[in-house]
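The chain contents come next:
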Amino acid sequence: MMKIHIMLFFSIQILLHVSLSSSGKVPAIIVFGDSSVDSGNNNFIPTIARSNFEPYGRDFPNGNPTGRFSNGRIAPDFISEAFGIKPIVPAYLDPSYDISDFASGVCFASAGTGFDNVTASVAEVIPLWKEVEYYKEYQNKLRAKFGDKKANEIINESLYLISIGTNDFLENYYQRFERRTQFSVQEYEDFLIGLAENFLREIYGLGARKISMTGLIPMGCLPLERAINIFGHHGCKDLYNDVALEFNAKLDWLVAKLNKELYGFQLVYTNAYDLVLQIVTQPSQFGFENAQVGCCGTGRFEMGFMCDPKSPFTCTDANKYVFWDAFHPSERTSQIVSNYLMENYLGKFL
Ligand SMILES: *[C@@H]1O[C@H](CO)[C@@H](O)[C@H](O)[C@H]1NC(C)=O
Ligand SMILES: *[C@@H]1O[C@H](CO)[C@@H](O)[C@H](O)[C@H]1NC(C)=O
């Protein structure tokens, strides 16, 4: 009896192994985007869009403020861990890591950036085209270190996480005149979709195949937007949520179009909007006590350097807060969203 069990166990193992290797296991998580996914690149460029000081990172291993805009880890870290790779995805510009580390995960994202070059120029952060330049440099380092065959495998079998676009609307279009005088908001959405298309075609051309393109979250519900929504009694700003929905529909359409057109492309549109809206409107269902303000400071305005380590208002338990600062989710929210994305969209790459 026991022998049969053991035999069965081994043949299942072999079957699993065969099916896993033929479907191409993901060797690395490769990240492009903004502060929602930046693991600390901005620490190494001259910008004020930073978070490498307390109280950021206070729930990160060793309480390290890494430059993540969070009290702990962010979504790519959780997704990397779920793929059985590593529990953190290091920033490309961090000199304490090298190409051997980056071979199993690397982040090119930069807080404050957007699809639009003008957005990156607001806080002098890394524009998306420059993230792609770093990615090309990374490919060269991979080839030099591991040879063409292994490098190509990492490039074409890895999962690419893209999360970007909020700043184009909230830090650029609605804050500054330049783009508003050129485009209606619908025209600006179309302009950004065109830039997204160019970007996706470019990384496809460079070998990327498995890609998660995350849509916008209900950005009118970010604590900062609620704080300044005085006439809306500090509720979510409907205009911004409507723009997010409109933009997401266009992004979804773009993803379908490119999948049809580009051979072997496995581009996935990942919708985090609905879940985040549910968390914000029914926080207690997810174990949260506060969805209106962030944990840091008063929670209404503070982010980046405004998030003062000595503020007496900062909450003691960030796990009870949907948002960590006025613009970014807490670690726990990131974990819940990551689990949801794994279950609903990314599990097929496991
Ligand atoms: C953004 O800037 C880069 C580098 O200067 C340039 O190549 C690219 O065309 C610009 N994109 C747009 C849409 O202006
Ligand atoms: C990925 O690269 C490897 C190694 O060069 C190659 O064998 C494989 O066919 C490539 N897969 C795709 C999907 O391009």
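Residues numbered from 1 in each chain as written. Chains lettered and ligands numbered in written order. Predicted model: local features only at pLDDT ≥ 70, side-chain atom pairs only at ≥ 80, totals over all residues. Heavy atoms only, no water.

## Brief notes about the sheet that holds strand S5 (residues 266-270)
- Here 5 strands make up an open sheet; going across it, the order is S2-S1-S3-S4-S5 and the pairing parallel. At either margin of the open sheet sits one strand with a lone partner, and together these are strand S2 (106-107) and S5. (Pairing = 2+ DSSP bridges. Helix = DSSP H or I, 4+ residues; strand = E, 2+ residues; numbered from the N terminus.)

## A few points about the site of ligand 2
- In the vicinity of ligand 2, the contacting residues are Lys 149, Asn 152, Glu 153 and Asn 156.
- Contact distances for ligand 2 include 2.5 Å between an oxygen atom and a side-chain N or O atom of Asn 156.
- Contact with the protein chains covers 48% of the free accessible surface of ligand 2, which is 360 Å². (Near = heavy atom within 4 Å. Polar contact = N/O pair within 3.5 Å; in protein donor to acceptor, adjacent residues only side chain to side chain. Areas by Shrake-Rupley, 256 points an atom, 1.4 Å probe, with all protein chains shown as cover.)

## Side note on the site of ligand 1
- In the vicinity of ligand 1, the contacting residues are Asn 117, Trp 129 and Leu 195.
- Contact distances for ligand 1 include 2.3 Å between an oxygen atom and a side-chain N or O atom of Asn 117.
- One of the side-chain N or O atoms of Trp 129 is found 3.5 Å from an oxygen atom in ligand 1.
- Protein burial of ligand 1: of its 360 Å² of free accessible surface, 36% is covered by the chains.

## Side note on helix H10 (residues 238-261)
- Over its 24 residues, H10 extends 35 Å from the first C-alpha to the last, a length consistent with the 34 Å expected when each residue adds 1.5 Å.
- Of all the residues in H10, the buried ones are Tyr 240, Asn 241, Val 243, Ala 244, Phe 247, Asn 248, Leu 251, Leu 254, Val 255 and Leu 258.
- Of the surrounding secondary structure, the elements contacted by the buried residues of H10 are helix H6 (166-173), helix H8 (185-205), strand S4 (210-214), helix H9 (223-227), S5 and helix H11 (273-281). (Expected span 1.5 Å × (residues − 1). Buried < 20%, exposed > 50% of the residue type's maximum accessible area, 1.4 Å probe, protein only. Contact = heavy atoms within 4.5 Å.)

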